Amino acid sequence: MNRMHLKVQLSVTLTALLVLLATGTVQAQKFFKANPQINPYNFSVVKEQSYNNAAVTSAHPLASMVGAAIMQQGGNAFDAAIAVQFALAVVHPAAGNIGGGGFMLGRKADGTLIGIDYRETAPAKAHRDMYLDAKGEAITEKSKDGPPASGIPGSVAGMFSTHAFAKLPMADLLEPAIELAEFGHVLTEKEAGGLNSQRADFLKYSAAASALTSKEKWKAGDTLYQPELAATLKRIQKNGLAGFYEGKTAELIVKEMQYGGGIITKADLKNYQPKFRKPIEFDYKNHHVITFAPPSSGGIIIAQMMKMIAPFDIAKMGFNTFESVNLMVEAQRRAYADRAEHMGDPDFWKVPTASLVSDEYVKERMKDFQPGVAGSSKITLAGVPKETEQTTHFSTMDKEGNMVANTTTLNGSYGNRTIVAGAGFLLNNEMDDFSVKPGVPNMFGAIGGEANAVQPGKRMLSSMTPTLVTLNNKPYITIGSPGGTTIPNQVYEGLVNIIDYKMTIKQAIDASRFHHQWIPDRVDVESDFPEATIQALKAKGYTVTKRGRFGRMDGILINETGKLEAAGDKRGDDSVAGY
Ligand code: DON
């Protein structure tokens, strides 16, 4: 440690001590004392590394290091996932959360698959037209901003369900997050910038100022202390599920709702239930892909797209060439058309999952694909099956052969920007993922209809796509990403990059991306997308739009020598850890 770091650390520790003495909450730093290799005041991003035993990749270096340490001290990939989820709620408040929801996909060493749906649900008082004005027009801010935008949070319940597959006590898995909140952590440039950009909204949409607004202008290197969040996490540590869904935390959430016109009640919170979902499985060129079922659309979409392109020799077409992008985009168009029409919460809408991913249906959908020709979303509509920018992804793998892919979200960056007064955490704006009115696009430009209309207790349709791959029935890849409707396309392209183009996991994750979601009928490409391909696509009649960057994909792959290759996306602070 150099002198400057030592000085910074001394003053930070002193401040922490003063804060704690003042609030009377001094407690021993159990986790960080036992793990001096992790320094919340001085850490760096590690983009790529191979490990012998266990690996984590997540949106924040501290969360990844916490997960690795948990596995080193006897936890498995599920323990690590829980600890990472809670740590991200502290160090990556834009998307890490306890006030949001997500999907945990796991494969145990014995091959058992686990899909835990901890997606938010619509409150009991929600109704179909709740985001329409008297004239029936959509009030799109209402599903995005402040308390009316929140679904009932599922993350804490999701972690308790995940705990059935873990080895260490839940209290130990919450401990690192508690200490990060209580004793503070140093902000990266991206995290500081994120907080600054949302400051006005935090103050506008919350009843009170909070730790996140305690400074006018955050900069990299500042320490963020979150004593209220630490207290909330401690209530969960002490009282389990009731520490969040009942008692003081529930009271504070409901109070915030009353202040900001939200409709979540104490009963809503107490009644929240995560659900086990049977994962979607399919084969692609000798690889077995396992991914998430509805209420996420992601699994069906990638199953459809990968089956549509499976008959083609994509490697021969070349990476991001006109030929390969033309094929892959036309698969995207068809799958996303089906998303808008057929997908929603399976407990409320009969989603014809088996038909949508069946070989015959997928083949039929690609029958009118003409290589070299730009399709049109006016002509390609949803099929008729026979039967009736913020989220975060992390992956963990352990030496026993357990693997987890977990994607979790508040929906928009920092969710509805409401920080629950006295509880110190952000709430989601997941209600915007419902179709507030048929044909009215949500914040990701996605449209939907009856299948995804608002109903009390219903889960809004997601695009999150936590995905696992096995090869010869052995763990091979765990991968996923944020990015709203671009997520299934990112995972699809990432897997094709590895399987067809033989890229390393890091190359596959960093490679330039493209995205088509049926409507708008447009190919979005990242800014470093090959210009020649853009021109060739335009020449054939595609509308092509350059769009910054999408997603922050994180993945781990076990290579032929048995090493765990962990990779964090170049697009964020994403960082790997392991041992
Ligand atoms: O569930 C979904 O599909 C969205 N709520 C995900 C939001 C997201 O990925 C935002 N990230 N950039």
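Residues numbered from 1 in each chain as written. Predicted model: local features only at pLDDT ≥ 70, side-chain atom pairs only at ≥ 80, totals over all residues. Heavy atoms only, no water.

Bringing the overall build of the protein into the picture now. A tally of helices and strands in the protein yields 19 helices and 19 strands. The globule rule puts the C-alpha radius of gyration for 579 residues at 25 Å, and the 23 Å found for the protein is close to it. For the C-alpha atoms alone, the extent of the protein along its principal axes is close to 70 × 60 × 45 Å. In the protein, 61 side chains carry a positive charge and 59 a negative one; their mean positions are 2 Å apart. (Helix = DSSP H or I, 4+ residues; strand = E, 2+ residues; numbered from the N terminus. Rg over C-alpha atoms; globule rule 2.2 N^0.38 Å. Lys, Arg positive; Asp, Glu negative; His and termini not counted. Charge placed at Lys NZ, Arg CZ, Asp CG, Glu CD.)

All right, on to the nonpolar core then. The nonpolar side chains of soluble globular proteins are, as a tendency, buried together. Tyr-284, Ile-309, Ile-477 and Leu-495 are the most contacted members of the largest nonpolar core, which has 78 residues in total. Broken down by element, this core gets its largest block of residues, 10 residues, from helix 14 (residues 322-342). Not counting the four nearest positions on each side in its chain, Ile-309 is found in contact with Tyr-284, Lys-285, Ile-314, Leu-327, Met-328, Ala-331, Tyr-492 and Val-496. Core analysis: the second largest hydrophobic core is formed by 70 residues, Leu-62, Phe-86, Ala-87 and Ile-264 among them. (Core = buried A, V, L, I, M, F, W, Y, C linked by side-chain atoms within 4.5 Å. Buried < 20%, exposed > 50% of the residue type's maximum accessible area, 1.4 Å probe, protein only. Contact = heavy atoms within 4.5 Å.)

Taken together, the neighbourhood of the ligand is formed by 16 residues, with Thr-391, Glu-430, Asp-433, Ser-463 and Gly-484 sitting nearest. Contact between the ligand and Ser-463: an oxygen atom at 2.7 Å from a main-chain N or O atom of the residue. The separation between an oxygen atom of the ligand and a polar main-chain atom of Gly-484 is 2.6 Å. Looking at the shell around the ligand residue by residue, the class counts come to 4 nonpolar, 8 polar and 4 charged. (Near = heavy atom within 4 Å. Polar contact = N/O pair within 3.5 Å; in protein donor to acceptor, adjacent residues only side chain to side chain. Nonpolar A, V, L, I, M, F, W, Y, C, P; charged D, E, K, R; others polar.)

Attention now goes to the confidence of the model for the protein. Mean pLDDT over the protein stands at 94; residues scoring 70 or higher make up 94%. Segment residues 1-13: pLDDT under 50, and 10 contacts once partners within four positions in sequence are set aside and those in other chains are kept. Confidence drops under a pLDDT of 50 for residues 15-26, and excluding neighbours within four residues, the segment shows 10 contacts in the predicted structure. (pLDDT = per-residue confidence, 0-100.)

On the basis of which strands lie adjacent, the open sheet formed by 7 strands has the order 1-18-17-13-12-9-8 and antiparallel pairing. One side of each edge strand has no neighbouring strand; the edge strands of this open sheet are strand 1 (48-51) and strand 8 (280-284). Strand-to-strand twist in this sheet, taken as the mean axis angle between neighbours without regard to direction, amounts to 20 degrees. Summarising the sheet, strand 8 and strand 9 (residues 287-291) pair through 5 bridges and their orientation is antiparallel. Paired with Ile-280 across the bridge in strand 9 is Thr-291. Lying on the sheet, helix 12 (residues 298-309) is in contact with strand 8, strand 9 and strand 12 (467-471); it crosses strand 8 at an angle near 20 degrees. Contacts from helix 17 (residues 486-499) reach strand 8, strand 9, strand 12, strand 13 (474-480) and strand 17 (554-558) within the one sheet, and its direction differs from that of strand 13 by about 140 degrees. (Pairing = 2+ DSSP bridges. Axes fitted to C-alpha atoms, helices over the stretch in contact; angles between N-to-C directions.)

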